[in-house]
Amino acid sequence: MSLATSSLTDLRVNEARLWDSLMTLARIGATPKGGVARLALTDLDRQGRDLVVGWAKALGLRVTVDQIGNIFMRREGLNPELPPVMTGSHIDTQPTGGKFDGNYGVLAGLEVVRTLNDHGIQTQAPIEVAVWTNEEGSRFVPVMMGSGVFAGAFSLAHAYAATDTEGKTVRDELAAIGYLGTEVPGQHPIGSYFEAHIEQGPVLEDAQVTIGVVQGVLGQRWFDCEVHGMEAHAGPTPMALRRDALQTATVLMQEVVAIAHRHAPHGRGTVGMVHVHPNSRNVIPGRVKFSIDFRNHTDASVEQMADEVREFARSLSTRTGMAINLQQVVSFTAQPFHPDCIQAVRDAAAMLGHSHMPVISGAGHDAVYAAQLAPAGMIFIPCKDGISHNEIEDALPEHIGAGCNVLLHAMLSRSGVALA
Ligand SMILES: [Zn+2]
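Fair warning: this is a prediction, and the values are worked out from it, not measured in the lab.

Engineer: Hey, could you run me through the side chain of Glu173 in this one?
Structural biologist: Residue placement: Glu173 occurs in helix α7 (residues 170-176). Residue Glu173 is classed as buried on the basis of its relative accessible area, which comes to 13%. Engagement of the side chain of Glu173 in a polar contact is seen with the side chain of Arg139, the distance being 2.8 Å. Those residues in contact with Glu173 that lie beyond four places of it in its chain are Leu41, Arg139, Phe140 and Lys168.

Structure below.
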């Protein structure tokens, strides 16, 4: 069919249909409080996958599954030689998860396909929708497992060997639910990648903005810190003669937060876990172990934060005479998204007349690994009170629709459309 450029810019997804599909998928693993518990590679995950794959087949998509269970649903382009413009996310959830985290990105992709089908639009490059395995990392570690194996961040063997609390392995559970595919992970070209996702934070709602144009994902450095003092009786030991590890540790904890404030606006510093030894009310703490989580938008800035806490710990140790051990245990590099994909998202939001602003993702996403293989970008929409990984996670239908329309037009700008 022939299609003028003007009617292409008028193209819109069916918001009600997208909402219905989200609510239908959310019934699989629904919790009494309105959330979803659909852990990776459980029978509920199988039911969710089967539903999504059934929808894809009804839309005429070709479905392939790789060896880590990633699902690719392909709508052929006029030029099948071109690498596909891909979108996707995950449908596994946390044990007390919501209806939108991940599920939105997958079903927004299917809604893009439904819209193209409705209007008989042919793209030059193929369009693909991906369902990545075990993004949440709740049942099996590491997180973002399917996209991580796909990008070569860790091996298939490493992922296969991961076990849940009952000792069941990823490989066996993939086979048990019928999603142990044959395609070699990563041997699947991507031309460019977009992922629509709820923000999972409060920035967009606070600013009353509909579309977050995601610039990148924060880099992370995690440390274990241990402060060594001396246990002693809380009564007989005068204040001047104490070596109170907890008092020294709290000075360092305050500095973690102060460092993050000095690295505004994207710096984050969190002490989330503390162990006090011997943890007795009338004993001066002799040893304190705690976690430090630093994040920032560039590797250089997060490394600077790490340097500052190391330097502070050194001088604090000298001042107090207590040994302080700082050990880095985890490092994720910051992942900026591709300028062309960021531009495509921004242009689509502007063309559609949606308020939009640049944002940075504080959480990891499958798009981080996709970005290591191809130009990538993300679209954020607000979620109620910024809450996610919670059964009360919620989003407005008009925001769901707006983000999907941005996804549609960003993808079309990268895929090319046959105009007659
Ligand atoms: Zn997610």
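There's plenty left to go through after this.
Engineer: Explain the pairing of strand β7 (residues 219-228) to me, please; I cannot follow it from the model alone.
Structural biologist: Looking along a regular strand, one sees the side chains alternate between the two faces of the sheet. Across 10 bridges, the pairing between β7 and strand β12 (residues 287-296) is antiparallel. Residue pairing in the sheet places Gln220 in a bridge with Arg295 of β12. Pairing between β7 and strand β13 (residues 323-332): nine bridges, direction antiparallel. Note that in β13 the partner of Cys225 across the bridge is Leu326.

Engineer: Just to check I follow, could you spell out the coordination of the zinc ion for this structure?
Structural biologist: Each donor-metal-donor angle would ideally measure 109.5 degrees in four-coordinate tetrahedral geometry, or 90 or 180 degrees in six-coordinate octahedral geometry. Those donors, His90 (NE2), Asp101 (OD) and His197 (NE2), are the protein atoms that reach the zinc ion, and they lie 2.0 to 2.2 Å from it. Along the chain, the residues that donate to the zinc ion are spaced as H-x10-D-x95-H. Placement of His90 in the loop between β3 (85-89) and α4 (103-118) and of His197 in strand β5 (residues 192-198) is noted, with a sequence separation of 107 residues between them. Across the pair, exposure class does not vary: His90 and His197 are buried alike.

Engineer: What exactly am I supposed to notice about a nonpolar patch on the surface here?
Structural biologist: On the surface, Trp222, Val329 and Phe332 cluster together into a nonpolar patch covering about 230 Å² of accessible area. Inspection of the secondary structure assignment puts Trp222 in strand β7.

Conventions and cut-offs
Residues numbered from 1 in each chain as written. Predicted model: local features only at pLDDT ≥ 70, side-chain atom pairs only at ≥ 80, totals over all residues. Heavy atoms only, no water. Helix = DSSP H or I, 4+ residues; strand = E, 2+ residues; numbered from the N terminus. Buried < 20%, exposed > 50% of the residue type's maximum accessible area, 1.4 Å probe, protein only. Polar contact = N/O pair within 3.5 Å; in protein donor to acceptor, adjacent residues only side chain to side chain. Contact = heavy atoms within 4.5 Å. Pairing = 2+ DSSP bridges. Donors = N, O, S within 2.8 Å, 3.2 Å for Na, K, Ca; no water. Patch = residues over 30% accessible without salt bridge, like charges linked within 9 Å, V, L, I, M, F, W, Y side chains within 5 Å. Areas by Shrake-Rupley, 256 points an atom, 1.4 Å probe, with all protein chains shown as cover. Salt bridge = Lys/Arg side-chain N within 4 Å of Asp/Glu carboxyl O.

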